[in-house]
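Structural overview
So the chains spell out like this:
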Amino acid sequence: MEFNKMEALLEKYFEGETSIAEENVLKDYFSSSNVAEHLEQYRPLFGYFAESKEQKLTNDVALISKKQKVAWLSIAASIVMMLGIGTYSYFNVNTVKENQELGTYDDPEEALEATQKALAMLSDNVNVGIEGVQYLQVYEVTKNKAFVE
């Protein structure tokens, strides 16, 4: 009779419908020596709870404050920024001194040729961009044909 009761309690336990008192009955039953042979497979499950109660945490865990991490991170970021700005200004000063000309021309013919050359390069790049947009438009039309909404 008691085995049938334990089987019913086990069924309720696996369904998640047992109370704390019923779970304690199951723990006591499986910790005793008279467990039915067909229920022996569940003994390690309930024996684990008894073993885990005896275990104690003996190591202290050192916690690192987030404020310390943020402080060091901000200090490191500011040092990197200062090094970057210093390096940029050091190398940029030399190039500015070399290029004091600033792209001005004394001869109008030479200025016209340089302007036409710059506009031709700009036009080539704009045409490449327009070809890309036309390709996207063809894709959009094809997609709309294939996926009729």
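What this report covers is the structure whose coordinates are included nearby. Not measured: the values here are computed from a predicted model.

This brings us to the packing of aromatic side chains. Per the stated rule, a full pass over the model turns up four aromatic pairs. Judged by centre distance (5.6 Å) and plane angle (70°), the ring pair of Tyr13 and Phe14 falls under edge-to-face. Accessibility expressed as a relative area gives 45% for Phe14, which makes it partly exposed. Ring centres of Phe14 and Tyr42 lie 5.4 Å apart, and the angle between their planes is 50°; on these two criteria the pair is classed as tilted. One end of the pair, Phe14, is in helix H1 (residues 2-15); the other, Tyr42, is in the loop between helix H2 (20-31) and helix H3 (43-54), with 28 residues separating them in the sequence. Taken together, the ring pairs in this structure connect Tyr13, Phe14 and Tyr42 into an aromatic cluster.

Here the focus is a nonpolar patch on the surface. Where nonpolar side chains cluster on the molecular surface, the patch consists of Trp72, Ile75, Ile79 and Leu83 and spans about 460 Å² of accessible area. Along the chain, Ile79 turns up in helix H4 (residues 66-98). Among the residues examined, Ile79 registers a relative accessible area of 46% and is labelled partly exposed.

Turning our eyes to something else, we now look at a negative patch on the surface. A cluster of acidic residues, Asp106, Asp107, Glu109, Glu110 and Glu113, forms a negative patch at the surface. By the element assignment, Glu113 lies in helix H5 (residues 108-146). Taking the relative accessible area as the measure of exposure, Glu113 reaches 55% and is therefore exposed.

Rules used throughout
What you see as residue numbers is a count from 1 along each chain, following the sequence as written. Local features in this predicted model are restricted to residues of pLDDT 70 or higher, and side-chain atom pairs are both shown and tallied only at a pLDDT of 80 or more, whereas totals for entire chains, interfaces and linings draw on every residue. As a rule here, side-chain values come from all non-hydrogen atoms in the structure, and water together with hydrogens is ignored. Only Phe, Tyr and Trp rings are paired, with Trp represented by its six-membered ring, and only when their centres lie within 6.5 Å; those with planes under 30 degrees apart are stacked, over 60 edge-to-face, the remainder tilted. Per-residue accessibility, obtained with a 1.4 Å probe over protein chains only, is compared with the maximum for each type, and a residue is labelled buried under 20%, exposed over 50%, and partly exposed between these values. Helix and strand assignments follow DSSP, with helices taken as H or I runs no shorter than four residues and strands as E runs no shorter than two, numbered in order from the N terminus. Each patch is built from residues that are more than 30% exposed by relative accessible area and take part in no salt bridge. Like charges join if they lie within 9 Å; nonpolar side chains (Val, Leu, Ile, Met, Phe, Trp, Tyr) join within 5 Å. Note on areas: these come from Shrake-Rupley sampling with a 1.4 Å probe, and a residue is covered only by the protein chains present in the view. Salt bridge, as used here, is a side-chain nitrogen of Lys or Arg placed within 4 Å of a carboxyl oxygen of Asp or Glu. In summary, the charge assignment counts Lys and Arg as positive and Asp and Glu as negative, without counting His or the chain termini. Lys charges are placed at NZ, Arg charges at CZ, Asp charges at CG and Glu charges at CD.

Taken by themselves, the reported measurements are silent on function.
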